[in-house]
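# Coordinates in review
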Amino acid sequence: NAGVMQNPRHLVRRRGQEARLRCSPMKGHSHVYWYRQLPEEGLKFMVYLQKENIIDESGMPKERFSAEFPKEGPSILRIQQVVRGDSAAYFCASSLGQGNLNEQFFGPGTRLTVL
Amino acid sequence: GENVEQHPSTLSVQEGDSAVIKCTYSDSASNYFPWYKQELGKRPQLIIDIRSNVGEKKDQRIAVTLNKTAKHFSLHITETQPEDSAVYFCAASDSSASKIIFGSGTRLSIRP
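Here, residues in each chain are numbered from 1, in the same order as that chain's written sequence. Lettering of chains starts at A and numbering of ligands starts at 1, both following the order in which they are written. Predicted model: local features are reported for residues with pLDDT of at least 70 only, side-chain atom pairs are reported and counted for 80 or more only, and whole-chain, interface and lining totals are derived from all residues. To get the side-chain values, take all heavy atoms of the structure and skip hydrogens and water.

### Describing the sheet that holds strand 3 (residues 19-25) of chain B
Residues and elements named next belong to chain B. Let me state the cut-off plainly: At least two bridges found by DSSP between two strands is the condition for calling them paired. In DSSP terms, a helix is any run of H or I states spanning at least four residues, a strand is any run of E spanning at least two, and both are numbered starting from the N terminus. Each axis is a line fitted through C-alpha atoms, and for a helix only the stretch in contact is used; angles between axes span 0 to 180 degrees, taken between their N-to-C directions.
One open sheet accounts for five strands, arranged 1-3-8-7-6; its pairing is antiparallel. The open sheet is flanked by strand 1 (4-7) and strand 6 (56-59), the only strands paired with a single partner. The average undirected angle you get between the axes of adjacent strands in this sheet is 15°. Two elements, strand 6 and strand 7 (residues 62-67), share four bridges in a ladder whose sense is antiparallel. Within strand 7, the residue paired with E56 across the bridge is T65.

In structure tokens form, the structure reads like this:
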């Protein structure tokens, strides 16, 4: 079992460009969570998705950010018109089911740098 | 919503001594409290967790305690070793676990 995969591991974008971050959950997991970690800070919840559905997006900024988890393929976190403040590590996690009986396993993260 | 406070933000202990990290939470509906260890540039990894139906849990050199009345929980590491150096995060979630709310982290350094 390869675990949670994220790519790219490092992404550099100029202000105004788009960033696409991909997350492949562990085999058999249909629940995906995205978190953002600013330098020297804790992880902040962004969004929780199941296949083809957004369950909780209470941590997502209202503008420029979107997430999807299609029936086939990885979950995508998309940031449009990036700004310097978007520079952070973005972690996704996956779980087998909903509820805290199911551990969330984290991916290695994507480190986004906005120039 | 839930808010998790963690302290201290940095902690330096002599190798072999114990380290204690404390957290408080605000939402009485929270019933699951995991602790994560994050080494530099790496992913967070679950090291131990505790649920609200118990007050203490131990796994070798690591123990967690929970006081639901006071909404406090703590991580205790005994006989610290150099490989314990990392950032530790406490967290809380409720039964739905649509999200985990993390504390701000404690940078633990073990002095040789």
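### Digging into the pattern of salt bridges
Residue and element names in this part refer to chain B. Note the threshold: What makes a salt bridge here is a side-chain nitrogen of Lys or Arg within 4 Å of a carboxyl oxygen of Asp or Glu, nothing more. A simple rule labels every residue: compare its accessible area, found with a 1.4 Å probe on the protein chains alone, to the largest value its type can have, and call it buried under 20%, exposed over 50%, or partly exposed in between.
As enumerated under the stated definition, the model contains eight salt bridges over all chains in all. Close ionic contact of D49 with K57 constitutes a salt bridge, the shortest N to O distance being 2.9 Å. The buried category is assigned to D49, whose relative accessible area is 15%. Where R61 meets D84, a salt bridge forms, and the shortest distance between an N and an O atom there is 2.9 Å. Taken together, the residues span a long stretch of sequence, with R61 in the loop between strand 6 and strand 7 and D84 in the loop between strand 8 (72-77) and strand 9 (86-92) at a distance of 23 residues.

### Some points on unusual backbone geometry
Look at the link from N7 of chain A to P8 of chain A: it is a cis peptide, with omega at -5°. You can see P8 of chain A is positioned in the loop between strand 1 (5-7) and strand 2 (10-13). At the junction of H7 of chain B and P8 of chain B, the peptide bond is cis and its omega measures out at 0° in the coordinates. With respect to the element layout, P8 of chain B can be found in the loop between strand 1 and strand 2 (10-14). For E40 of chain A, which is not glycine, the phi torsion reads 65° and is therefore positive. Inspection of the secondary structure assignment puts E40 of chain A in the loop between strand 4 (31-37) and strand 5 (43-50). Its identity is not glycine, yet R64 of chain A carries a phi of approximately 75°, on the positive side.

### Concerning the nonpolar core
Proteins that are soluble and globular tend to have nonpolar side chains buried together. Defined as follows: We define a nonpolar core as any set of buried Ala, Val, Leu, Ile, Met, Phe, Trp, Tyr and Cys residues linked to one another through side-chain atoms lying within 4.5 Å. Two residues form a contact once any of their heavy atoms are found within 4.5 Å.
Ranked by size, the top nonpolar core spans 24 residues in total, and within it V4, W35, F73, L75 and L108 of chain B carry the most contacts. Listing elements by their share of this core, those giving two or more residues are strand 2, strand 3, strand 4 (32-38), strand 5 (45-51), strand 7, strand 8, strand 9 and strand 11 (106-111) of chain B. Setting aside residues up to four positions removed in sequence, V4 of chain B forms contacts with C23, T24, Y25, F73, C90, A92, I101, F102 and G103 of chain B. Of all hydrophobic cores here, the second largest spans 23 residues; its members include W34, L49, F69 and V114 of chain A.

### Side note on the packing of aromatic side chains
Aromatic rings in a pair are described by how distant their centres are and how their planes are angled relative to each other. Heads up, the rule is: Two rings belonging to Phe, Tyr or Trp (six-membered ring only in the last case) form a pair when the distance between their centres is within 6.5 Å. Interplanar angles under 30 degrees mark stacking, angles over 60 mark edge-to-face geometry, and anything in between is tilted.
For the structure on display, the rule yields 12 aromatic pairs over all chains. Geometrically, the ring pair formed by Y25 of chain B and F33 of chain B is tilted, given 4.7 Å between the ring centres and 45° between the ring planes. Judged by its relative accessible area of 0%, F33 of chain B falls in the buried class. Pairing F89 of chain B with F102 of chain B gives two aromatic rings, centres 6.3 Å apart and planes at 85°, and the pair type is edge-to-face. Of the two residues, F89 of chain B is situated in strand 9 and F102 of chain B in strand 10 (residues 101-102); the sequence distance between them amounts to 13 residues. For F89 of chain B, a relative accessible area of 1% puts it in the buried group. A residue is classified by how much of its surface remains accessible, and F102 of chain B, at 4% relative accessible area, is buried. Site record: aromatic cluster; members linked through ring pairs are Y35, F45 and F106 of chain A together with Y36, F89 and F102 of chain B.

By themselves, these figures tell us nothing about what the structure is for.
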